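Given next are the chains, with one letter for each unit.
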Amino acid sequence: MAGFLLCVVLFGVLYLGAVRTGPGQLLDQMMQRTAAGTWNPLPELNTHRTWATVWILLPPALACLALGHQRGSHQRWLVLLCGAAVALGSNITTQLIKLVWSSRPALVSLSQEWPMNSLPSGHTTMAAGAAAAVFLICRPRDRAFWGVLAGVWAAGWGGYIYIEGWHLPSDMLAAYLVVAAWTLLGGAVVHHVEASDPQLAPLPAEPGIPGGRQAGLCLTLGVIGTAIGLAALLGPVARHGLAEATASPSPWLFMAGAALSSAPAFLLSAVLIPLFSSETRHLTRTSRAR
């Protein structure tokens, strides 16, 4: 619950900073403009975005079915429903937020090019929500491994969507927070289901914090990526001033947007992996005691 409330607070701070302040809008929209005008070797996502949705959802959906099959018959459908609820709830929340706060105040001249509120990103929410479902559905002993893959999947699509110029970097950050909040709620239900499982698959024996190595990998990627993004964004501002740093697209703005649109997903994985693993270790000890 504390983690859920923290996600809500961080979302509010992000919204106020990126949408309701002039400097936040200017930096955000200049990064998006830079990405939209920069060539990249990645395949172009189709205009109607239908196939993008298929590619985002199909691999995680197949993984969920395969991992759900490893569960016991008495809990298989419960964890599958919980994973689906997290993915669906995240996407509904994203669309409701954009429906309630549909407008974007024109605080800078670039606001005329982006009048509607696009925060959070719907496609990034789909990718992160589907990855979160896989993270919840897999067996407890495999959760750290799939947590790393979930971070890769969410970060990869977040960066891809930014590079294609579909969204502002803050939109991807907001999507990650929405999914993290739902994952924490869904995790409470999944742990309740697992607590009643007499054949709970225990965590592999390892010293220190359970899932620590995988969480450390995600933390390293997240911290390095986020630091690079902030340095590329705020370094030119500190040196030349906000107006000059955002006067025209630059490689620094592109680098900052790409890093900030993807790296924070690894930071969330770095928190969720040990959090869930520690709870599972507690459930494992309780199960053995029984």
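Residues numbered from 1 in each chain as written. Predicted model: local features only at pLDDT ≥ 70, side-chain atom pairs only at ≥ 80, totals over all residues. Heavy atoms only, no water.

Looking up the protein chain in an unreviewed UniProt entry gives the name PAP2 superfamily protein, with the organism given as Nesterenkonia aurantiaca.

**A few points about the overall build of the protein chain**
This is how the line gets drawn: In this text, helices come from DSSP runs of H or I with a minimum length of four residues, and strands from runs of E with a minimum of two, each type numbered from the N-terminal end. The reference for a compact globule is 2.2 Å times residues^0.38; the radius of gyration itself is calculated from the C-alpha atoms. A simple rule labels every residue: compare its accessible area, found with a 1.4 Å probe on the protein chains alone, to the largest value its type can have, and call it buried under 20%, exposed over 50%, or partly exposed in between.
Looking only at helices and strands, the protein chain has ten helices and zero strands in total. The helix and strand sequence of the protein chain, counted from the amino end, reads α-α-α-α-α-α-α-α-α-α. In summary, the protein chain has a C-alpha radius of gyration of 20 Å against a globular reference of 19 Å for 290 residues, a match within 12%. In terms of overall dimensions, the protein chain has a C-alpha envelope of 65 × 40 × 35 Å along the principal axes. Out of the 290 residues belonging to the protein chain, those deemed buried represent 52%.

**Quick word on the environment of Leu 88**
Inspection of the secondary structure assignment puts Leu 88 in helix H4 (residues 76–100). Taking the C-alpha atoms as reference points, Leu 88 and Ala 130, 42 residues apart in sequence, are found 8.8 Å from one another.

**Regarding the UniProt feature "transmembrane region" (unreviewed entry) in the protein chain**
Inclusion rule: UniProt positions are given in the numbering used here, feature names are shortened, and annotations may be inferred rather than shown by experiment.
Using the residue numbers shown here, the UniProt feature "transmembrane region" (unreviewed entry) corresponds to residues 50–68, 77–101, 121–138, 145–163, 175–193, 214–234 and 254–276. Here residues 121–138 runs as 89% helix and 0% strand, with 26 Å between its end C-alpha atoms. Across residues 254–276, helical content stands at 100% and strand content at 0%; the span's end C-alpha atoms are separated by 35 Å.

**Here we look at the nonpolar core**
Stated precisely, the cut-off is as follows: In these notes, a set of buried Ala, Val, Leu, Ile, Met, Phe, Trp, Tyr and Cys residues joined through side-chain atoms within 4.5 Å is what counts as a nonpolar core. We call two residues in contact when some of their heavy atoms are within 4.5 Å.
Ranked by size, the top nonpolar core spans 52 residues in total, and within it Tyr 162, Leu 233 and Ile 273 carry the most contacts. Top element by residues in this core is helix H10 (residues 251–289). It accounts for ten residues. The residues touching Leu 233, leaving out its near neighbours within four places in the chain, are Leu 27, Met 31, Leu 253, Ala 256 and Leu 260. Membership of the second largest hydrophobic core comes to nine residues, among which are Phe 11, Leu 14, Tyr 15 and Val 178.

**Quick notes on the side chain of Thr 246**
Note the following rule: Each polar contact in these results corresponds to two N or O atoms within 3.5 Å; when the atoms are within protein, one needs to be able to donate a hydrogen and the other to accept it, and residues that are neighboring in sequence are counted only if both atoms are side-chain atoms.
With respect to the element layout, Thr 246 can be found in the loop between helix H9 (242–245) and H10. At a separation of 2.7 Å, a polar atom in the side chain of Thr 246 contacts the main-chain carbonyl oxygen of Leu 242. Beyond its immediate stretch of four places on either side in the chain, Thr 246 contacts Leu 26, Leu 27 and Met 30.

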